[in-house]
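Listed here are the chains, written in short residue letters.
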Amino acid sequence: MGTLVKKLYHGVSKDPLTGLYNRRCFYDRIDYEIEKMKRTKLPLSFALIDIDNFKTINDTYGHLEGDKVLVELARIFKTQARSGDTIVRWGGEEFAMILPETDKSGALAFAERIRKLVEFSNCKYKITVCIGITTVYQEHDAEKIMSVADRALYKAKEKKNTVVYGVFNNITT
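Scope of this entry: the structure provided in the associated data block. (Residues numbered from 1 in each chain as written. Predicted model: local features only at pLDDT ≥ 70, side-chain atom pairs only at ≥ 80, totals over all residues. Heavy atoms only, no water.)

What follows is about unusual backbone geometry. The phi dihedral of K41 falls on the positive side, at around 65°, and the residue is not glycine. Mapping K41 onto the fold places it in the loop between α2 (23-40) and β2 (44-51). With phi around 55°, E101 is a residue other than glycine that occupies positive phi space. Secondary-structure assignment places E101 in the loop between β4 (94-100) and α5 (104-119). Judged by its relative accessible area of 47%, E101 is partly exposed. (Helix = DSSP H or I, 4+ residues; strand = E, 2+ residues; numbered from the N terminus. Buried < 20%, exposed > 50% of the residue type's maximum accessible area, 1.4 Å probe, protein only.)

Encoded structure:
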């Protein structure tokens, strides 16, 4: 019976293509990490990642090839994440990451490392990503935090293949 329950849980919490957590799981996890941050007083960082020009891959080579790119990115993310990090397929070609106990400099270093690994990966197609990140040091609403990271992502997408740090409440930490 335990195996069946595990399979059912996997089915509702994991993206079937990439094996990453899905958006539903993300919201449970972010609430948990915000509560943990309140207790530990340690920073919490968030990243949103978008594949540059992904539509071109799908339109030129087909959706099955696009799926292979998504799987390769998920592999890169998994190899770089720590055991306590949460990686999510946010939707389409977007991903989100929760990075507990990670301050601004750590989040920037992590995001830049991911960006470079994707750019220089052995993927069949030349791909790059944009990453928007933010860090909180005190309790904030999850939606507001993600909104800051989302605005940073859109700024990054203006340039392509870049990382942008989003400032929360007009205070750089």
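Further remarks concern the side chain of D50. Among the secondary structure elements, D50 is positioned in strand β2. On the basis of relative accessibility, which here comes to 4%, the residue D50 falls in the buried class. Those residues in contact with D50 that sit more than four places away from it in its chain are E93, E94, T128, V129, C130, L153 and K157. (Contact = heavy atoms within 4.5 Å.)

Here the focus is the environment of Y125. Position of Y125 relative to the elements: it lies in the loop between α5 and β5 (129-136). A residue is classified by how much of its surface remains accessible, and Y125, at 11% relative accessible area, is buried. Once the C-alpha coordinates of Y125 and A149 are considered, the two residues, 24 residues apart in sequence, prove to be 27 Å apart. Ignoring any residue separated from it by four or fewer positions in sequence, one finds Y125 in contact with I57, Y61, E65 and V69.

Our next topic: empty space enclosed by the protein. By the definition in use, this model includes 1 cavity of 30 Å³ or more. The space that makes up the largest cavity amounts to roughly 30 Å³. Along the walls of the largest cavity sit E33, K36, M37, T40, L42, P43, L44, P100 and E101, which together make up its complete lining. For the lining of the largest cavity, the element with the highest residue contribution is α2, accounting for 4 residues. (1 Å grid on protein atoms, 1.4 Å probe; cavity = no way out; pocket = protein on both sides within 12 Å on 5 of 7 lines; lining within 4 Å. Points joined across faces, edges and corners; volume = space filled by probe spheres on them.)

Attention shifts here to the packing of helix α4 (residues 63-80) against α5. At their nearest, the axes of α4 and α5 sit 11 Å apart, and the two run at 140° to each other. The angle between the axes of α4 and α5 places the two elements in the oblique class. In this structure, the crossing between α4 and α5 has a hand that is right-handed. Along the contact surface, α4 presents L73, I76, F77 and Q80, while α5 presents F110, R113, I114, L117 and V118. (Axes fitted to C-alpha atoms, helices over the stretch in contact; angles between N-to-C directions. Parallel < 35°, antiparallel > 145°, perpendicular 65-115°, else oblique. Left-handed = near helix turned anticlockwise from the far one by under 90°.)

With respect to the helices and strands, R115 occurs in helix α5. With relative accessibility at 10%, the residue R115 sits in the buried group. R115 sits 54 residues away from Y61 along the chain, and the two C-alpha atoms are 23 Å apart. For R115, the contacting residues outside a window of four places in its chain are V129, I131, N161, T162 and V163. Separated by 2.5 Å, the side chains of R115 and E112 make a polar contact. (Polar contact = N/O pair within 3.5 Å; in protein donor to acceptor, adjacent residues only side chain to side chain.)

Take helix α3 (residues 54-61) next. Those residues of α3 lying buried are F54, I57 and N58. Seen end-on, α3 carries its buried residues on one side only, within an arc spanning 95°. The exposed residues of α3 that point more than 90 degrees off its buried face are K55, D59 and T60. Among the structural elements, β2 and α4 are those in contact with the buried residues of α3. Trailing α3 by a residue or two, G62 shows a phi angle of about 105°, which is positive. (Arc of directions from axis to C-beta.)

The grouping of D28, D31, D141 and E143 at the surface amounts to a negative patch. As for its placement among the helices and strands, D141 is situated in the loop between β5 and α6 (142-159). The class for D141 is partly exposed, based on a relative accessible area of 41%. (Patch = residues over 30% accessible without salt bridge, like charges linked within 9 Å, V, L, I, M, F, W, Y side chains within 5 Å. Areas by Shrake-Rupley, 256 points an atom, 1.4 Å probe, with all protein chains shown as cover. Salt bridge = Lys/Arg side-chain N within 4 Å of Asp/Glu carboxyl O. Lys, Arg positive; Asp, Glu negative; His and termini not counted. Charge placed at Lys NZ, Arg CZ, Asp CG, Glu CD.)

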